[in-house]
Amino acid sequence: MRASYVSQAVAFIAAWFFVAGCTEDPDSQWNQSQNSATENQTENQDPNQEEEPATPSGNDIDQSLLFLCLDDDVGYTEARIRRIGRSEWTRNTGHAAGSAADKNPFDGLPTHPFATYSDGETLNESVLDIYLDSVKSGSYGWATRDRWRAGALSSNVDEDSIACIFDDTSPDADCIETYTAYLLERGVLFRPPTTEEHQALIDFATNVLGSEVPDEDHEDGQQAARRHSLDRIFSAAWMTTGALFRNELGEGPVDEYGRSRLGDWELANAIAYALDGRAAGAPGVYARHGLAWSADFEGHMPMLRQAAMDGTISDPDVIAAAVRDYFGGLDEDRVDLNLDVRDERRISRRGEYWMANGLREFFRQWLGYDAHINIFKDTPSATSAFGSEVHSDYGNLISGYYGHESRLVEQMDDMIARIVAEDEAVFENLLTSRTFYTPATAEFEESSIVNSTLRTNYIYNVTDRTEPTREDRWQVLPDNERAGVLTHPAFLASHAGAFENDPNIVDRGKWVRENMLCQDVPDLPITVEAAFDPETRDQSARQRMTEQVESRTECMGCHGLMNPLGYPFEVYNHAGFLRIEDHGAEPDGSSELRNMPDPDLNGPIRDAVEMSEKFAESPYVKRCFIRQVFRYFMGRDEVLRDACTLAQMEETYEESGGSLAEVLITLFQSDSFQYRVVSEDL
Amino acid sequence: MTWTRRAFLKTLGIGAGAALLTPFYRQVLATGEIPRRFVIFVEGNGTEPRNLLSGTTAEALLAAGTDVGDARHLYRNYSHDTPVLSRESNLADAPSLASLGAAGGPSMEEKSAVLLGLSSKITGGGHSTESGALSSSRSPVGSPTDLTIDHLLASMSGVRRGTPIQAVRLGVVGGNTRLNYSTCAFGPNQPAPITCDPTTAFNSLFGSVASGAGVASFQEKRELLDFAVADVQRALQTFSGNSRERKKLERYLESLEDMVDRQEIIQDMGDHLQSVKPAEPDESLLYTSESPLDRLQAQVDMATAALIGGLTNVVVIALGTGARHFSLDYPSLIDLYPGGDMLGGHDARHAAESGHESFVNLLTTITDRHVELMASMARSLDATPEVTANGTMLDHTVMLYMSDNGEKHHSLAEEWPILLMGGGALGLKTDGRTVVFPRHGHDNNRQVSNLFNTLGHAAGADLNAFGHEGITRIAEGPLSEIWS
């Protein structure tokens, strides 16, 4: 889940625990929570927005039905327009994560599980207020044309047809027409503009350029005035609905089911945004003073852009080829980081495997492993083999302030990228891989920043010096310590509170129930008031939970869904360190799984390592993973009419030996992805 | 000439009756509640507690069992168990508070208060806690955990009272950054920009009544909005999606039209704003000065005019805030640098923390200059009578000075020195007192979130739940020592 979503969840868990009284009957809680959810939704909802339809979707649906493809199942998605997302805007304008342009206000609604969801996403007054201040921050590549400056766009500096707009004192009508068409197609709409869109911008640009007044007192007065004019033209173009909302309305003829297929540009961009979080042909950017770029003149994912232009995007083989090419792989130079990471030293310290932005965002948002940067950790080393000597290192793992090694969240990115790039048995490897990307430490032994860098690998229980090579950073951890993403410190710290004996059992268990098993846990009943007794601060979380919560049967309606899945993580503390003791006792991750949706999961387990291994073998859990993939890349919850698509994705996974790329190809070629229906009775 | 609000209205010829007022003023005067304004000065990278400690407070502390001695980071010495209240604290004799005294104009000591000992460990300390300082949360760079207190206050109708701009956020930073997103937030992951270029700020606030580039900028914004309105209207005419999707575009159109209305309100206030507007960018060297203190003065002058002019009721002034922005050079204070050699902002602050006397004095002087600007704003507000309530604008304006990380360069966030001014009519006991709370870790320690809770009460609302100190929270609610 996205960071904000996870933060909310953490807050929710905390709230849960600081209120007492539970209820025994999950069903009654369920009804109550639904009412509560509706009330909250109404309160936060745009008053102009109609009530959401009650079609069962997502975790509401029995998973077995979702993979039952019936003959009369017809897949489609409601016709929609999708407001651009924050990082999409940043990338489309050729800017880096963390830049001023990246401060645009297009974060998704916090109620959405994934940033790709589009329902209810628009621009209200607050969003517009910020956007008006920030829109110009994206204009750099369109207002200047110096190839040796970082931030110049590779699609512009070599395009002779637009040189006149930068060079001519008074650009003529042809020049303005050419520049505005190029700006709209290559830098704003990422499709050919309509006649009306183009003419409106021509008129605006003509007016702006016609009223341009160079400052004659300054040597570069003409140049500055032109930059200002181009800023204004860029801003106007990026205020249009075509720029801010991407159509997925369908353009083809309506078939017997009332569906129409996405237009070529709609489809190409739908795939491009899903896969890489940017438009087809989004401009490449020069980095490091023109010595590197993120993409060449043709921009990012040129295959998809070309396929939209020549109409071959309807060819399944073209889609497959594009996905395989842009999905991920091995790249020693990590060109994919050139846009976002300007310091070459940081790039060379990252892993050699890359995955497309969409893949990375999917894993970050699903697993929520970047949430830890917002969670205060008191005594990160508590109950581990280490003491306060690792606290500065831990802080540096989060912030990356000292040195150039990767941060914890990036280390998990790199671990996942390797699994994705290898693209075999992806789901199983995600849950069982012992190969972790860890920070190097050896080069800091004589450094002035030694206190924040020398022990950064201790979080993985690696205490030997790690040489600054990729080979040495890849560490195979002991079988009994960690297995896959659910045991990665970034994940563990993201799903835990401030203290090692906080109710992290609930946080982690709830996450597993909802995101690995695709089942909901009822919301916190408003009448409940429960709290760990503050006088028990010296007890382990397990003791506090068993004595204060599990001794009360009325609590177990909900806690029974969460606690058994949370206990296995108690072998790790709140910061992700492996425990060596737990308030005077041995660390205990044991649990008994009962009434699991996959009966094969029932039974005792030793810890999170064993639980991960059992999950990896479960067809049920694998289906839940496929559902999560569907949600992110489709930008909505799954519904029953998607059954054939989901079943086909599962079949593809099995037949391809666990290739995520092939699963995505299946999704992008599916009716759910490619067909739209305009319906008022939603 | 000193302009008062009443004088403005008189100039406008509207003193006799509301019928002649612009729509904006009719709206304001129709509001029954008293005006409530909030101004927050945030100093980046630490405010040293010693700089706000008066001699009489040190004596009061000694009597209570705390000997601060020569300590600069006082919390380490606190050993008192209950808050120490020093009523006759002669604030102006504190190292950085001289400008509160009569030498700078009418004394502001009796309309001020100092708080020492407040903690906010949740924020994490370090060079900067980013928006954590104003939200009492852990908020790393670029990732606000929640909204900040300024936005919460600005969102309240009883605070905004029809003013066209919800909040004005201005500041200075090291480097050429025009917008600083470090310190304020509209919500989770929604940083709120602080305008760091005084010229941009002027054009935004007073462009409608400016000459030259300012009015051009205002006009350009209007043209941009008009272009967008026409585009959305055109798109709606041919839109083929269902009503739910259509509403997305309609909502965007409404927002654009709302913005156009705001521009028109500001335009309507033309004569009024003309009267209060500060010197224009081409009339003053402050706007483009190399000295951040000069640019800061331009920003404070502008914010003062925005308050008196009725453009807004919430202001944030950010003084080099954020981990990426605190490293400022101070050429106007070059004489304080050893040998007259400028040292980078970060290094100078680092040296101060290490105890280098010259740089300790430099930090004291920087805070002193900041407070001087705050005091000048306070005096302007105090010289301006309220139109819709008794007293002066200062009486209805809570002014807060704090840092964005606590007590020092590499802060532990264990002490957040606070200066308060004004707000007497809103219930604040800004009567010259100093309150020193027991140190962090003590049950009677109080936190920055309690101060924000106090601001909530001054705004006429119960914001006691605000402040995500999480499990580290000691007690919620206002600070009774400064709230009546």
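Rules of the game
Residues numbered from 1 in each chain as written. Chains lettered and ligands numbered in written order. Predicted model: local features only at pLDDT ≥ 70, side-chain atom pairs only at ≥ 80, totals over all residues. Heavy atoms only, no water. Helix = DSSP H or I, 4+ residues; strand = E, 2+ residues; numbered from the N terminus. Rg over C-alpha atoms; globule rule 2.2 N^0.38 Å. Buried < 20%, exposed > 50% of the residue type's maximum accessible area, 1.4 Å probe, protein only. Contact = heavy atoms within 4.5 Å. Areas by Shrake-Rupley, 256 points an atom, 1.4 Å probe, with all protein chains shown as cover. Phe/Tyr/Trp six-rings, centres within 6.5 Å; stacked < 30°, edge-to-face > 60°. Buried area = accessible area lost by both parts, 1.4 Å probe. Salt bridge = Lys/Arg side-chain N within 4 Å of Asp/Glu carboxyl O. Nonpolar A, V, L, I, M, F, W, Y, C, P; charged D, E, K, R; others polar. Core = buried A, V, L, I, M, F, W, Y, C linked by side-chain atoms within 4.5 Å. Disulfide = S-S within 2.5 Å. Expected span 1.5 Å × (residues − 1). Domains from an automatic or database assignment. Polar contact = N/O pair within 3.5 Å; in protein donor to acceptor, adjacent residues only side chain to side chain.

Another aspect to go through is the overall build of chain B. From N to C terminus, chain B includes 13 helices and 10 strands. In terms of overall dimensions, chain B is globule-like: its C-alpha atoms have a radius of gyration of 23 Å, near the 23 Å expected for 484 residues. Principal axes of the C-alpha set define a box for chain B whose edges measure 75 × 50 × 50 Å. Evaluated residue by residue, chain B yields a buried proportion of 61% over its 484 residues. Summarising the internal contacts of chain B: among those between residues at least 6 apart in sequence, 72% fall at separations of at least 24. Carbon and sulfur atoms make up 48% of the accessible area of chain B, which amounts to about 16,200 Å² in all.

Bringing the packing of aromatic side chains into the picture now. Residue and element names in this part refer to chain A. Tallied over the full model, the rule gives 38 aromatic pairs over all chains. For the pair Trp89 and Trp238, a centre-to-centre distance of 5.7 Å together with 65° between the ring planes defines the contact as edge-to-face. Pair noted here: Trp89 is in helix 4 (residues 86-92) and Trp238 is in the loop between helix 11 (221-237) and helix 12 (241-244), with a separation of 149 residues, a long-range link. Note on Trp89: relative accessible area 0%, which makes it buried. When the ring of Tyr353 is compared with that of Trp474, the centres are 6.0 Å apart and the planes differ by 70°; the resulting orientation is edge-to-face. Of this pair, Tyr353 sits in strand 8 (residues 353-355) while Trp474 sits in strand 10 (residues 474-476), placing them 121 residues apart in sequence.

Before going further, it helps to examine the interface of chain A and chain B. Every contact between the two is made by 63 residues of chain A and, on the other side, 50 residues of chain B. Note on chain A versus chain B: buried area summed over both sides is about 4,800 Å², and carbon and sulfur give 60% of it. Between chain A and chain B we count 2 salt bridges in total. Note that A:Arg232 and B:Glu223 form a salt bridge whose closest N and O atoms lie 2.6 Å from each other. Broken down by secondary-structure element, the contributors of at least two residues to the side of chain A that touches chain B are helix 1 (3-17), strand 2 (80-83), helix 5 (125-134), helix 10 (195-210), helix 11 and helix 12 of chain A. The leading source of residues in the side of chain A that touches chain B is helix 5 of chain A, at 7 residues. Taken together, the residues of the side of chain A that touches chain B break down into 28 nonpolar, 16 polar and 19 charged.

Here we take up the nonpolar core. Residues and elements named next belong to chain A. Counting residues in hydrophobic clusters, the biggest one holds 109 residues, and the most contacted among them are Leu359, Phe363, Leu367, Phe615 and Phe668. The contact partners of Leu359, leaving out residues within four places of it in the chain, are Leu275, Phe327, Val420, Phe633, Leu660 and Leu664. If you look at the next biggest cluster of nonpolar residues, it comprises 66 residues, including Phe106, Leu184, Leu201 and Leu244.

We now examine the pattern of salt bridges. All names here are of chain A. Here the structure, examined in full by the defined rule, presents 68 salt bridges over all chains. Arg82 serves as the salt-bridge partner of Glu248, at 2.8 Å between the closest nitrogen and oxygen. Residue Glu248 is located in strand 3 (residues 245-248), and its partner Arg82 is located in strand 2; the two are separated by 166 residues in the primary sequence. Of the two residues, Glu248 and Arg82, neither departs from the other in class, the shared state being buried. Residues Arg465 and Glu445 are paired through a salt bridge, measuring 2.8 Å at the closest nitrogen-oxygen approach.

This brings us to the state of the cysteines. Residues and elements named next belong to chain A. Scanning the model with the defined rule gives 3 disulfides over all chains in all. Disulfide pairing places Cys164 opposite Cys175 at an S-S distance of 2.1 Å. A torsion of 100° about the S-S bond marks the disulfide between Cys164 and Cys175 as right-handed. Here the residue Cys164 occupies a position in helix 8 (residues 163-167), and Cys175 occupies one in helix 9 (residues 173-188), the gap between them amounting to 11 residues. Residue Cys164 shares its accessibility class with Cys175, and that shared class is buried. Residue Cys518 pairs covalently with Cys624 via a disulfide, S to S 2.1 Å.

Moving on: unusual backbone geometry. Trans peptide bonds make up the majority, and among non-glycine residues the majority have a negative phi. Residue and element names in this part refer to chain A. We note that Arg334 has phi near 50°; this positive angle belongs to a residue other than glycine. Within the secondary structure, Arg334 is located in the loop between strand 7 (328-330) and helix 16 (344-348). For Arg334, a relative accessible area of 3% puts it in the buried group. Unlike most non-glycine residues, Thr383 shows phi in positive territory, near 70°. Looking at where Thr383 falls in the secondary structure, it is placed in the loop between helix 17 (357-367) and helix 18 (391-399).

An α-helical segment advances 3.6 residues per turn. Residues three or four places apart therefore align on the same side. Residue and element names in this part refer to chain B. The end-to-end C-alpha separation of helix 10 (residues 292-308) is 24 Å, in line with the 24 Å expected for 17 residues at 1.5 Å each. Among the 17 residues that make up helix 10, 14 are buried, leaving the element largely enclosed by the rest of the structure. Just downstream of helix 10 lies Gly310, where phi reads positive at about 80°.

Accessible area lost upon the coming together of the parts is a frequently used measure of interface size. All names here are of chain B. When the domains of chain B are assigned, the result is domain 1 (31-206 + 277-472) and domain 2 (211-269). Of note, the centres of domain 1 and domain 2, computed from C-alpha atoms alone, are 36 Å apart. Contact with domain 1, which involves 9 residues of that partner, is made by 9 residues of domain 2. The contact between domain 1 and domain 2 buries some 750 Å² in all, and 55% of this surface belongs to carbon and sulfur atoms. Together, Pro164, Asn203 and Glu280 form the three largest contributors to the area buried by domain 1 at its contact with domain 2, with a combined 56%. At the surface where domain 1 touches domain 2, the tally comes to 0 salt bridges. Our count for the domain 1 to domain 2 interface comes out at 1 residue pair in polar contact (both at pLDDT 80 or more). Across the side of domain 1 that touches domain 2, the residue classes break down as 4 nonpolar, 4 polar and 1 charged.

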